[in-house]
Structure formats: C-alpha cells, structure tokens
Amino acid sequence: SPALAMGRPRSPLDLVSTTPLVAGIAIGFVTVAVVSDLRSRTVPDWTSVALLLLAALASTIGWHEVGVADAAIGLVLAFALGAAGFYSGAFGGGDAKLLAALGALVGATALLELLLATALAGGVVAWWAKRRGIDTIAYAPAIAVGYALTAAVQLCTPSRGALHALTGASLW
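Below: a short report on this structure. Everything numeric here is computed off the predicted structure, so don't read it as measured data.

Calculation notes
- Residues numbered from 1 in each chain as written.
- Predicted model: local features only at pLDDT ≥ 70, side-chain atom pairs only at ≥ 80, totals over all residues.
- Heavy atoms only, no water.
- Helix = DSSP H or I, 4+ residues; strand = E, 2+ residues; numbered from the N terminus.
- Buried < 20%, exposed > 50% of the residue type's maximum accessible area, 1.4 Å probe, protein only.
- Contact = heavy atoms within 4.5 Å.
- Areas by Shrake-Rupley, 256 points an atom, 1.4 Å probe, with all protein chains shown as cover.
- Polar contact = N/O pair within 3.5 Å; in protein donor to acceptor, adjacent residues only side chain to side chain.
- Core = buried A, V, L, I, M, F, W, Y, C linked by side-chain atoms within 4.5 Å.

### Observations concerning the overall build of the protein
Reasoning step 1: Counting its secondary structure elements, the protein contains eight helices and zero strands.
Reasoning step 2: The order of helices and strands in the protein, counted from the N terminus, is α-α-α-α-α-α-α-α.
Reasoning step 3: Burial analysis of the protein (172 residues in total) assigns 40% to the buried set.
Reasoning step 4: Pairs at least 24 residues apart make up 67% of the contacts formed inside the protein by residues separated by at least 6 positions.
Reasoning step 5: If you sum the accessible surface of the protein, you get close to 9,200 Å²; carbon and sulfur atoms cover 71% of it.

### Details of the environment of Thr136
Reasoning step 1: Note that Thr136 resides in the loop between helix 6 (108-131) and helix 7 (140-156).
Reasoning step 2: Engagement of the side chain of Thr136 in a polar contact is seen with the side chain of Arg41, the distance being 3.1 Å.

### Side note on the nonpolar core
Soluble, globular proteins show a tendency: their nonpolar side chains are buried together.
Reasoning step 1: Membership of the largest hydrophobic core comes to 33 residues, with the highest contact counts inside it found for Leu51, Leu98, Leu102, Leu105, Leu114 and Tyr147.
Reasoning step 2: Listed by contribution, the elements that provide at least two residues to this core are helix 2 (19-40), helix 3 (45-61), helix 5 (93-106), helix 6 and helix 7.
Reasoning step 3: Sorting elements by how many residues they give to this core places helix 5 first, with eight residues.
Reasoning step 4: Aside from chain neighbours lying at most four places away, what touches Leu102 is Val30, Leu51, Leu114, Ile143 and Tyr147.

Written out as structure tokens, the structure reads:
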C-alpha cells in the first residue's frame with residue numbers, strides 16, 4: 001500500500017485494496033453524468049467536482065495507485081484536451097470537465113488509455129448514430145465506457161496499465 005510505503009500509520013483501509021472502492025464510487029458519479037447527458041444533453045458540474053475531489057482524496061490518502069503529481073498532470077493534460085475539444089465544437093463543456101476530472105482520477109500514466117478507450121467508444125456511438133440518422137450525440141456515455149475500460153485494466157494490471165502489459169514499457 002502507498003500509505004505503508006511512505007511510513008504513514010496503518011489504517012483499517014490499508015488492510016485491503018481500496019482501488020476497487022475508488023473505481024466503484026467514480027462509476028456512480030459517471031453514471032449520474034451519463035443519465036443526465038442522455039436526458040438533457042448536460043453534464044452536471046457537481047459530478048465533475050465530486051470526481052475531482054475523489055481523485056484528490058484518493059491520491060492524497062493513498063487509496064489507489066495514482067500519486068498526487070500523477071493526478072495533477074492527468075488533470076492538466078485532460079483539461080487541455082477537453083478544452084480543445086470544446087472550443088473546436090467536438091463536444092460540450094460538461095464533457096470537457098468530466099474528462100478532466102477522470103484524467104485526475106486515472107493520472108497521467110493511464111490518460112492515454114482513457115483517451116483511446118473513450119475515442120473508440122465515441123466512434124462506435126457516432127457510427128450507431130449515423131446509421132440511424134442522428135446528427136448529434138451525447139458524449140458522456142463514450143467517456144464513461146472509456147473510464148470503465150481504463151479502470152478495469154488498472155484493476156487487472158495495477159500501477160502499470162495496459163501499455164506495460166502489452167509492451168513491457170511504461171510512460172514514466
């Protein structure tokens with residue numbers, strides 16, 4: 001556990017892996033964002049704020065493998081990409097904030113995985129919408145699928161992710 005490695009006192013949560021707990025809480029907030037986006041084409045700001053607070057808490061306390069610096073870099077990079085997507089008209093501001101918060105949650109080391117999984121899911125959603133003559137799509141579902149896949153990979157290959165599992169390499 002990161003808390004033990006840093007010499008902090010043991011807590012009851014050090015006895016079990018809390019990474020699935022963090023992922024489960026995050027999935028709950030992401031689900032609220034998806035339902036809202038599908039119903040009203042808006043992602044409530046409070047869901048992104050809650051995810052960001054979860055990321056900060058989990059990184060600071062050591063509830064998952066993403067350190068504070070890794071989370072901060074993931075936040076900044078995902079925010080920059082989300083802002084670019086928003087200003088280019090690719091998706092809405094709520095989607096950009098949701099992506100930024102999830103970038104903090106997965107950290108910079110898994111951000112590429114999150115973005116690739118989200119892009120693949122978004123491509124499937126766009127293909128489905130085009131076949132049905134739908135011009136605009138809610139993008140939060142694609143972001144949610146991207147996060148769910150990334151979280152699953154992180155749970156199966158802790159602290160290394162899919163890049164390491166596939167190539168033996170790491171970004172950091």
